[in-house]
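# Observations on chain architecture
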Amino acid sequence: MTKKTNQAKKTDSQGIDNAMDAIKKLLGKECKIINLNKTDQGWEIEVETIEVSEHMKKIGIPKPVYDKNVYQVVLNQDFEVIRYQRKESRF
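Before going further, it helps to examine the overall build of the protein. Counting secondary structure elements, the protein contains two helices and four strands. For the protein, the α and β elements follow one another from N to C terminus as α-β-β-α-β-β. For the protein, the share of sequence-separated contacts (at least 6 apart) that also reach a separation of at least 24 residues comes to 36%. Looking at the protein as shown, the accessible area adds up to about 6600 Å², and 50% of this sits on carbon and sulfur atoms.

Turning our eyes to something else, we now look at the confidence of the model for the protein. A residue-level look at the protein finds 87% of positions with pLDDT of 70 or above and a mean pLDDT of 85. For the protein, per-element mean pLDDT is lowest for helix α1 (residues 3-27), which scores 77, and highest for strand β1 (residues 32-38), which scores 94.

A separate point is the nonpolar core. Among the nonpolar cores identified, the biggest contains 13 residues, and I16, I23, V47 and L75 are the most heavily contacted of them. In this view, I16 contacts I33, L36, W43, I45, L75 and F79; residues no more than four positions away in its chain are not counted.

Enumeration according to the criterion identifies six salt bridges in this entry. Here E48 and K32 are joined by a salt bridge, their closest N and O atoms 3.8 Å apart. Linking E48 in strand β2 (residues 42-52) with K32 in strand β1, this pair joins segments that are 16 residues apart in sequence. You can call K32 partly exposed: its relative accessible area is 48%.

Next up on the list: the pairing of strand β3 (residues 66-76). Among the 11 residues of β3, eight are classified as buried, and the element is accordingly described as predominantly covered. Pairing analysis gives 11 bridges linking β2 to β3, with the strands arranged antiparallel. In the strand pairing of β3, V47 is matched with Y71.

Evaluated as defined, the whole model comprises two aromatic pairs. For the ring pair W43 and F79, a centre distance of 6.0 Å and an interplane angle of 25° mean the geometry is stacked. In this pair, W43 sits in strand β2 while F79 sits in the loop between β3 and β4 (81-90), placing the two residues 36 residues apart along the sequence. On the basis of relative accessible area, W43 is assigned to the buried category, the value being 9%. With 6.4 Å between their ring centres and 45° between their planes, Y71 and Y84 make a pair best called tilted. Here Y71, found in strand β3, pairs with Y84, found in strand β4; they are 13 residues apart in sequence, far enough to count as distant. By relative accessible area, which is 10% here, Y71 ends up buried.

Calculation criteria
Residues numbered from 1 in each chain as written. Predicted model: local features only at pLDDT ≥ 70, side-chain atom pairs only at ≥ 80, totals over all residues. Heavy atoms only, no water. Helix = DSSP H or I, 4+ residues; strand = E, 2+ residues; numbered from the N terminus. Contact = heavy atoms within 4.5 Å. Areas by Shrake-Rupley, 256 points an atom, 1.4 Å probe, with all protein chains shown as cover. pLDDT = per-residue confidence, 0-100. Core = buried A, V, L, I, M, F, W, Y, C linked by side-chain atoms within 4.5 Å. Buried < 20%, exposed > 50% of the residue type's maximum accessible area, 1.4 Å probe, protein only. Salt bridge = Lys/Arg side-chain N within 4 Å of Asp/Glu carboxyl O. Pairing = 2+ DSSP bridges. Phe/Tyr/Trp six-rings, centres within 6.5 Å; stacked < 30°, edge-to-face > 60°.

Spelled out as structure tokens, the structure:
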């Protein structure tokens, strides 16, 4: 691997770390990357987070029940969040 390639990987890694900080602030909780893909426009990331089940709360379950939720996050080339949405819930 060349020095230039190592530098690009380091920059990508730093950009992803900075984007994850922004994602954690958006979601208001800790999350972890479960899928990461580089695209022509930037990056597509899937993150998993643990959240209180809104459904269980609505039906009146007194104890908190937690779901693992997966969010799809799209970043541009500068690692800025362009869009994010909840993709699925895992019970």
